[in-house]
Amino acid sequence: MAKYRAPVAGLFSLLLLFQVSCSSMGHRSVPTDETDFGRLFATGEGYTLVNLHPDESTRRLSAANYQGAGLLPRCSRVEFTRWSGTEMRFRVVSTGREYTYEDHPDAVVLFDEHLGRYFSDSCDAMLVEDLSELDRQGVKQGRAMPGMTKKATVLAIGFPTLSKTPSLLMAEWNYQKTPDKGFVVVFDEKGQVREIRE
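This report concerns the structure included in the present document. (Residues numbered from 1 in each chain as written. Predicted model: local features only at pLDDT ≥ 70, side-chain atom pairs only at ≥ 80, totals over all residues. Heavy atoms only, no water.)

1. Remarks on the overall build of the protein
Item 1. On a plain count of helices and strands, the protein comes out with five helices and nine strands.
Item 2. Listing the helices and strands of the protein from first to last along the sequence gives α-α-β-β-β-β-β-α-β-α-α-β-β-β.
Item 3. Counting the 198 residues in the protein, one finds 50% classified as buried.
Item 4. Accessible area of the protein: about 9400 Å², with a carbon and sulfur share of 52%. (Helix = DSSP H or I, 4+ residues; strand = E, 2+ residues; numbered from the N terminus. Buried < 20%, exposed > 50% of the residue type's maximum accessible area, 1.4 Å probe, protein only. Areas by Shrake-Rupley, 256 points an atom, 1.4 Å probe, with all protein chains shown as cover.)

This is the structure we're talking about:
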């Protein structure tokens, strides 16, 4: 069962971090305890903050946030099993399935800083209760749909590819399905999804 904490402490902090100018790309042999994820990795376990979309045939995820066909729901409890500087492995407690999360240049920031946006020591499972029915449906299904808010879009499909969408204030968020195929989530002036452009 997910631990609970005040809604503003988790996702909104991540949204603010996303706006900060990015550091240069690089790798660390171990995650530093100066980052949120470094401290989390040292504990051996955590929770997913947003839905993750792995390629289930290979059980891999990418820091480019490729939108694979799989769905790991937000607030899934995980155990961290390995770190190599360019890869992090974790096991989903409820299923026993192990996944490899790979670094990618499109993440722009250092790998452990990127992972700090997706994993934490707790997850506010009640965060979706304040969302509209449409937003909750999109988060549950793990997809963006017209009319959804930016907040719900992040919860449903994660953050857009940072190299192509450096700010969440932008009206168009770029996502990748594969290295050579992507899609754009377009928001209107109210911050709601207007269309998803392939």
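2. Observations regarding the pattern of salt bridges
Item 1. Counting across every chain of the model gives ten salt bridges.
Item 2. Between Arg39 and Asp36 there is a salt bridge, and its shortest N-O distance comes to 2.7 Å. Of the two residues, Arg39 and Asp36 are both situated in helix 2 (residues 36-43); the distance of three residues between them amounts to about one turn of the helix.
Item 3. Under the relative-accessibility criterion, Arg39 is labelled partly exposed at 40%.
Item 4. For Asp36, a relative accessible area of 51% corresponds to the exposed category.
Item 5. Here Glu87 makes a salt bridge to Arg82, at a shortest N to O gap of 3.7 Å.
Item 6. Residue classification places Glu87 among the buried positions, given a relative accessible area of 18%. (Salt bridge = Lys/Arg side-chain N within 4 Å of Asp/Glu carboxyl O.)

3. What about the nonpolar core?
Item 1. In this structure, Phe37, Phe80, Met88, Phe90, Tyr101, Phe119 and Val185 are the most contacted members of the largest nonpolar core, which totals 42 residues.
Item 2. Going through the elements one at a time, helix 2, strand 3 (77-83), strand 4 (87-92), strand 5 (98-102), helix 3 (111-115), helix 5 (150-157), strand 7 (172-178) and strand 8 (181-187) are the ones with two or more residues in this core.
Item 3. No other element matches the five residues that helix 5 contributes to this core. (Core = buried A, V, L, I, M, F, W, Y, C linked by side-chain atoms within 4.5 Å.)

4. Side note on the state of the cysteines
Item 1. Enumeration over the complete set of coordinates arrives at one disulfide.
Item 2. Note that Cys75 is cross-linked by a disulfide to Cys123, the S-S spacing being 1.9 Å. Disulfide Cys75-Cys123: the torsion about the S-S bond is -65°, which places it as left-handed. Taken together, the residues span a long stretch of sequence, with Cys75 in the loop between strand 2 (60-62) and strand 3 and Cys123 in the loop between strand 6 (119-120) and helix 4 (133-141) at a distance of 48 residues. (Disulfide = S-S within 2.5 Å.)

5. Points about unusual backbone geometry
Item 1. Positive phi, normally seen in glycine, also occurs at Cys75, with a value near 70°.
Item 2. Located in the positive-phi region is Val108, a residue other than glycine, with phi close to 70°.
Item 3. Position of Val108 among the secondary structure elements: in the loop between strand 5 and helix 3.
Item 4. Its relative accessible area of 23% is what places Val108 among the partly exposed residues.

6. Remarks on the side chain of Ser62
Item 1. Secondary-structure assignment places Ser62 in strand 2.
Item 2. The exposure class of Ser62 is buried, given its relative accessible area of 7%.
Item 3. In terms of polar contacts, Ser62 uses its side chain to reach the backbone amide nitrogen of Ala64, at 3.0 Å.
Item 4. What Ser62 contacts, discounting residues up to four positions off in sequence, is Tyr101, Glu102 and His104. (Polar contact = N/O pair within 3.5 Å; in protein donor to acceptor, adjacent residues only side chain to side chain. Contact = heavy atoms within 4.5 Å.)

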